[in-house]
Amino acid sequence: MTIYYVNSATGANTNAGTSEDAPFASFSAVESLKLQPGDSVLLAAGSVFNDQLDLKYSGTVAAPITIGSYGVGDAPVIHSPNDGIHSLYASNIVIENITISDTSGAAIYAGYVSNWTVRNVEVDHTGLSKSGSITFRTGSNITIENSTINDVNGDGIWIEKITGVTLLNNTVTNAHGTAADAVQLNDSSNIVISGNYFDQTGAVTPKGVLTLVRPVDAVIEGNTIIGGGFGISAQAGTNVAIQDNDISGYGGYSWSYAVGLGDQGDTRNYDISGNYFHDGVWGVSVSAAGTTTYVREHIDIYGNFFDDLTQAALKVDRPASGSFHDNFIASDVTPYSISPSIIAAGTFPVSDNTTIEEGAATPATADSLVVTDASIGLVSDTGFTSHDGLKLNPDKTASDKAGAHHNNPIGENGVSDGTLLLRDFGKAAFEKHGPALGNGDHAFTIEAADLAGPENGSGIFHHETAPQPLHHSPVDGPVFSILQDGLLH
């Protein structure tokens, strides 16, 4: 396991490259090596490399080959007249702590690979001649985490035919082009997309934000998704969960939707829950461009909040089976638009949704609530079961339930059916560690004084949320709203 050092300012390719005092100068010296499992290639902080780095050799799962950085200062930068980093058939690779910008091709292009991790990488202004940013084609186990992609031509992330995809805590903004999405995944499976911030509001003629083409076993949760012609397009897939996302600002077309499915193939087993859909056109759209017969079944839509939409919260105009229940819908939003034939068939029932009257009062934080002697009651759905199978009993007291979840934050997106509605959607949600409450109506009685703050060291359990990434506004914290007499305060 050898560490090789590369410094574009002080290095020389005649050096051994195995110490900071005798680094290589360019990628050509690295490419002449036969890298072994566990080897690292570290680029000096502040260095600029005007060439493509070709990775030809593989590490092992236990000993990957790492491309990283060393020294103090700005991250090393790769510019390139081609791709920034290019690889075929090399597996078990880690790329971290570098910047890739102003490349003619993709920032990272890899095909027929497995077990790649891209972390803490900044990508800016890539795909100048041929579109592309981070691209993986054919393989398995690709992780992209804590990275930033901005101002690129074409898709910010393009992944195709990969088994095992994890996108975690990334920021993708302004992927430009009529065919461009912030992220597109094609024909992939075992997908987790969590905690990301995708924003296309500054992109030039973008297509959408997140596109999944024929996904299998996918979880899309806790992301902030803004802008584009649509939020999430998951038109044909199997076993797809879209949960706890904040999707807004999409539009430009009469068909624009927060979540769209039902086109381009069979659609089975979708769980769409706990999301905040707002400032857009349609909410969830089960539709298709034509009349091709596809299977659309087991589509469960519940526990979402629909607000400030110009069209209905739900659109179903192609044969489908599923349900739309226990959602919260602002009074100025049409609840649903369902084909009469589907209503007559009874395959997509609508039930137990709550209309929220937007009052003059604005959402208030817990700190701003006035202490009174009154209690605020929360009514529970006794049939609710959390993710870990824990049932809530409506006769439990606040202290009983708070104690039962000590150090396990209540990260619920909506608590309703009583006097108090707690809203906390998408990226602003509490971090969910351990057993956390899921969807449904939950309840216990909370004294107003407890909401303002415990007295003498007692009161309702308080959980401090982890700091949010810098790209989130300070107002993205938990929002507590009072629902009284049908008005949201």
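Scroll up a little and you will see the structure.
Residues numbered from 1 in each chain as written. Predicted model: local features only at pLDDT ≥ 70, side-chain atom pairs only at ≥ 80, totals over all residues. Heavy atoms only, no water.

*Asks:* Could you clarify how one ought to interpret empty space enclosed by the protein in this entry?
*Replies:* Unoccupied space between atoms shows up once a probe the size of one water molecule is rolled over them. Following the criterion strictly, the structure yields 2 cavities of 30 Å³ or more and no others. Counted as a void, the largest cavity has a volume near 60 Å³. For the lining of the largest cavity, the elements supplying multiple residues, two or more each, are helix 1 (27-31) and strand 4 (53-55). Considered class by class, the residues forming the lining of the largest cavity number 5 nonpolar, no polar and 3 charged. (1 Å grid on protein atoms, 1.4 Å probe; cavity = no way out; pocket = protein on both sides within 12 Å on 5 of 7 lines; lining within 4 Å. Points joined across faces, edges and corners; volume = space filled by probe spheres on them. Helix = DSSP H or I, 4+ residues; strand = E, 2+ residues; numbered from the N terminus. Nonpolar A, V, L, I, M, F, W, Y, C, P; charged D, E, K, R; others polar.)

*Asks:* Explain a nonpolar patch on the surface to me, please; I cannot follow it from the model alone.
*Replies:* Nonpolar side chains collect at one region of the surface, where Leu88, Tyr89 and Tyr112 lie side by side and expose about 350 Å² of accessible area between them. On the basis of relative accessible area, Tyr89 is assigned to the exposed category, the value being 57%. (Patch = residues over 30% accessible without salt bridge, like charges linked within 9 Å, V, L, I, M, F, W, Y side chains within 5 Å. Areas by Shrake-Rupley, 256 points an atom, 1.4 Å probe, with all protein chains shown as cover. Salt bridge = Lys/Arg side-chain N within 4 Å of Asp/Glu carboxyl O. Buried < 20%, exposed > 50% of the residue type's maximum accessible area, 1.4 Å probe, protein only.)

*Asks:* Is there a simple way to explain the environment of Ala16 in this structure?
*Replies:* Mapped onto the secondary structure, Ala16 falls in the loop between strand 1 (3-6) and helix 1. Considered as a pair, Ala16 and Tyr4 are 12 residues apart in the sequence and their alpha carbons are 8.4 Å apart.

*Asks:* Looking at this structure, how should I read the pairing of strand 32 (residues 322-325)?
*Replies:* One face of the sheet, then the other: side chains in a regular strand alternate in exactly this way. Where burial is concerned, the two faces of strand 32 agree: the one with Gly322 and Phe324 and the one with Ser323 and His325 are both buried. As paired elements, strand 29 (residues 296-302) and strand 32 share 4 bridges and run parallel to each other. Counted as the bridge partner of Ile301 is Phe324 from strand 32. Where strand 32 and strand 35 (residues 350-351) come together, 2 bridges link them in parallel fashion. Counted as the bridge partner of Phe324 is Val350 from strand 35. (Pairing = 2+ DSSP bridges.)

*Asks:* What is the right way to read the packing of aromatic side chains from this model?
*Replies:* When we look at a pair of aromatic rings, we describe it by the centre distance and by the angle of the planes. Under the counting rule described, the total for this entry stands at 12 aromatic pairs. When the centroid spacing of 6.5 Å and the interplanar angle of 40° are considered together, the rings of Phe230 and Trp255 count as tilted. Within this pair, whereas Phe230 is found in the loop between strand 21 (224-226) and strand 22 (232-233), its partner Trp255 is found in the loop between strand 24 (246-248) and strand 25 (257-261), the two being separated by 25 residues in sequence. We classify Phe230 as buried; its relative accessible area is 5%. (Phe/Tyr/Trp six-rings, centres within 6.5 Å; stacked < 30°, edge-to-face > 60°.)

*Asks:* Any chance you could explain unusual backbone geometry here in plain terms?
*Replies:* Most peptide bonds take the trans form, and the phi angle of most residues other than glycine is negative. Positive phi, close to 60°, is recorded for Asn239, a residue that is not glycine. Tracing the chain through its elements places Asn239 in strand 23 (residues 238-243). One non-glycine residue, Gln264, lies in positive phi territory at about 70°. Within the secondary structure, Gln264 is located in the loop between strand 25 and strand 26 (267-273).

*Asks:* Just to check I follow, could you spell out the nonpolar core for this structure?
*Replies:* Note on soluble globular proteins: their nonpolar side chains tend to be buried together. The biggest cluster of nonpolar side chains holds 87 residues, and the ones touching the most others in it are Trp116, Phe136 and Ile232. For Ile232, the residues in contact, after removing those within four places along its chain, are Leu210, Leu212, Ile220, Ile225, Ile242, Ile247, Tyr257, Ala258, Val259 and Gly260. (Core = buried A, V, L, I, M, F, W, Y, C linked by side-chain atoms within 4.5 Å. Contact = heavy atoms within 4.5 Å.)

Function cannot be inferred from these measures alone, as they are strictly geometric.
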